[in-house]
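# Structural overview for review
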Amino acid sequence: MTLSAIEVNNLKQAPAVEGVLPAVLHRWSARSFADRAVSAADLKKLFEAARWSASAYNEQPWRFIVGIRNSLTYNKIFASLIGFNQSWAGKAPVLILGVASTKFSHNGSDNAHALYDLGAAAAILTLQAAALGLSTHSMAGFDRDAARQALEIPEDYALGAVIALGYQGDPAALGNEHLIELETTPRVRKPLSEFVLSAWNEPASLT
Ligand SMILES: Cc1cc2nc3c(=O)[nH]c(=O)nc-3n(C[C@H](O)[C@H](O)[C@H](O)COP(=O)(O)O)c2cc1C
């Protein structure tokens, strides 16, 4: 029997670690979205959060192209997604394409940190979404050339990822066994000892 949306949400939570921000523990990438719009007020909060992200030279290279379901922009972003992502993302009420200016505005030189900064802002956006009870799902699986052309994105902007945004839905609504299995599988992570190092290949002692 397929789990309910609440049961799925419970099994996707990260185990509580004292002192870690609740939004960090609550965020996970849903693929089933409920038929419920995101208010303009909530949408604005996500971008206010992203706005205060740090960036190299305070360049704030990120630009977010927001498509609301049934709009031309939404349809253009959706059309650029690979087939697998199209199989579930079309129910999300909002699709957001994150892009980053690759030139510094103060001197026109290359900004090698543009995608790093876009990713940081996008991460804050997803955490703000989680704090508001919203689900996000980032996607690298889209045709960059198609998106660039359809949305008339200039060459000096690098394309990051598409974020599907909305309220988590019932897993059964995905209507496909493989997607339901992905939606109902607990999340896994590497232990800290694999990625927090005191020297190369030496786990840092955190106690
Ligand atoms: C940059 C980026 C690209 C991703 N691309 C896709 C994608 O194209 N399709 C997809 O279904 N999930 C995609 N994901 C979701 C990841 O698979 C997911 O974040 C990962 O499995 C960890 O799960 P969690 O976000 O629930 O913690 C992407 C995530 C990120 C951050």
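Above this note sits the structure.
So, a few notes on the structure that sits alongside this text.

The secondary structure content of the protein amounts to nine helices and six strands. Based on the C-alpha atoms only, the size of the protein along its principal axes is roughly 60 × 50 × 30 Å. Partitioning the contacts of the protein with sequence separation of at least 6, the portion at a separation of at least 24 is 72%. Carbon together with sulfur atoms contributes 56% to the accessible area of the protein, which is approximately 11,800 Å² in total.

A word on the site of the ligand. Taken together, 14 residues are adjacent to the ligand, and Ser 29, Arg 31, Asn 85, His 137 and Arg 189 come closest. Contact between the ligand and Arg 31: an oxygen atom at 2.7 Å from a side-chain N or O atom of the residue. In this structure, a nitrogen atom belonging to the ligand sits 2.8 Å away from a side-chain N or O atom of Asn 85. Isolated, the ligand exposes 630 Å² of accessible area, and the fraction of that covered by the protein chains is 60%. Secondary-structure elements contributing two or more residues to the shell around the ligand are helix 5 (83–89) and strand 3 (135–139).

By the secondary structure assignment, Asp 117 is in helix 6 (residues 114–131). Among buried Asp, Glu, Lys and Arg side chains, Asp 117 stands out as unpaired, with Arg 63 the closest opposite charge at 10 Å. The residues contacting Asp 117, other than those within four sequence positions of it, are Ala 54, Ser 55, Ala 56, Pro 61 and Trp 62.

Turning next to the pattern of salt bridges. All chains considered together, the criterion is met by four salt bridges. The partner of Glu 48 in a salt bridge is Arg 51, and the shortest N-O contact between them spans 3.0 Å. Taken together, the residues span about one helical turn, with Glu 48 and Arg 51 both in helix 3 (residues 40–51) at a distance of three residues. The class of Glu 48 is partly exposed, set by a relative accessible area of 32%. Residue Asp 110 is joined to Lys 103 by a salt bridge in which the shortest nitrogen-to-oxygen separation is 2.5 Å. Taking the relative accessible area as the measure of exposure, Lys 103 reaches 34% and is therefore partly exposed.

A general feature of soluble globular proteins is that nonpolar side chains tend to end up buried together. Counting residues in each nonpolar core, the largest one holds 22 residues, and the members touching the most others are Trp 88, Leu 95, Leu 97, Met 139 and Val 162. Secondary-structure elements contributing two or more residues to this core are helix 4 (72–80), helix 5, strand 2 (94–101), helix 7 (144–151), strand 4 (157–166) and helix 8 (177–183). Sort the elements by how many residues they give to this core and strand 4 lands first, with four residues. When neighbours within four sequence positions are excluded, Leu 95 is seen to be in contact with Ile 65, Val 66, Gly 67, Tyr 74, Ile 77, Phe 78, Ala 89, Met 139, Val 162, Ile 163 and Ala 164.

Taken together, the buried positions of helix 1 (residues 5–12) are Ala 5, Val 8 and Lys 12. The arc that holds the buried residues of helix 1, viewed along the axis, is 60 degrees, so those residues lie on one side. The exposed set on the far side of helix 1, more than 90 degrees from its buried face, consists of Ile 6 and Asn 10. Turning to helix 1, the residues buried within the fold contact helix 8.

What counts and what doesn't
- Residues numbered from 1 in each chain as written.
- Predicted model: local features only at pLDDT ≥ 70, side-chain atom pairs only at ≥ 80, totals over all residues.
- Heavy atoms only, no water.
- Helix = DSSP H or I, 4+ residues; strand = E, 2+ residues; numbered from the N terminus.
- Contact = heavy atoms within 4.5 Å.
- Areas by Shrake-Rupley, 256 points an atom, 1.4 Å probe, with all protein chains shown as cover.
- Near = heavy atom within 4 Å.
- Polar contact = N/O pair within 3.5 Å; in protein donor to acceptor, adjacent residues only side chain to side chain.
- Buried < 20%, exposed > 50% of the residue type's maximum accessible area, 1.4 Å probe, protein only.
- Lys, Arg positive; Asp, Glu negative; His and termini not counted.
- Salt bridge = Lys/Arg side-chain N within 4 Å of Asp/Glu carboxyl O.
- Core = buried A, V, L, I, M, F, W, Y, C linked by side-chain atoms within 4.5 Å.
- Arc of directions from axis to C-beta.

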